[in-house]
Amino acid sequence: MSQEDFQFMVEGMTSDLVQILMDRKGLSLPEATDVVYNSKIYEHLLNPETRLYFQSPGYVYSYLEDELKTQA
């Protein structure tokens, strides 16, 4: 997979996660974006070895949701 393809997949997943947070948690776009970009899940998403970018947004969101619950 090329770097461009990887970046495209990561950006798509990030966008999906932001949208899910907005829909499910009622966050604004800046709030949801901040949550995603400052999460451990985003760090894992940026690591090609985790292959999270190949998973469904709902699956990755479940991990993000777990992370948010442990922070609360």
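Quick caveat: nothing in here was measured; it's all calculated off a predicted structure.

1. Comments concerning the packing of aromatic side chains
- Evaluated as defined, the whole model comprises 4 aromatic pairs.
- Centroid distance F6 to Y53: 5.1 Å. Interplanar angle 90 degrees. Geometry classified as edge-to-face. Highlighted residues: F6 in helix α1 (residues 3–25) and Y53 in the loop between α3 (40–45) and α4 (57–71), separated in sequence by 47 residues. Residues F6 and Y53 agree in their burial class; the two are buried.
- Aromatic side chains Y53 and F54 sit 4.6 Å apart centroid to centroid with 40 degrees between the ring planes, which places their arrangement in the tilted category.
- On the basis of relative accessibility, which here comes to 42%, the residue F54 falls in the partly exposed class.
- Taken together, the ring pairs in this structure connect F6, Y53 and F54 into an aromatic cluster.

Parameters and conventions
Residues numbered from 1 in each chain as written. Predicted model: local features only at pLDDT ≥ 70, side-chain atom pairs only at ≥ 80, totals over all residues. Heavy atoms only, no water. Phe/Tyr/Trp six-rings, centres within 6.5 Å; stacked < 30°, edge-to-face > 60°. Helix = DSSP H or I, 4+ residues; strand = E, 2+ residues; numbered from the N terminus. Buried < 20%, exposed > 50% of the residue type's maximum accessible area, 1.4 Å probe, protein only.

Take it as geometry only, folks, not as evidence of what the structure does.
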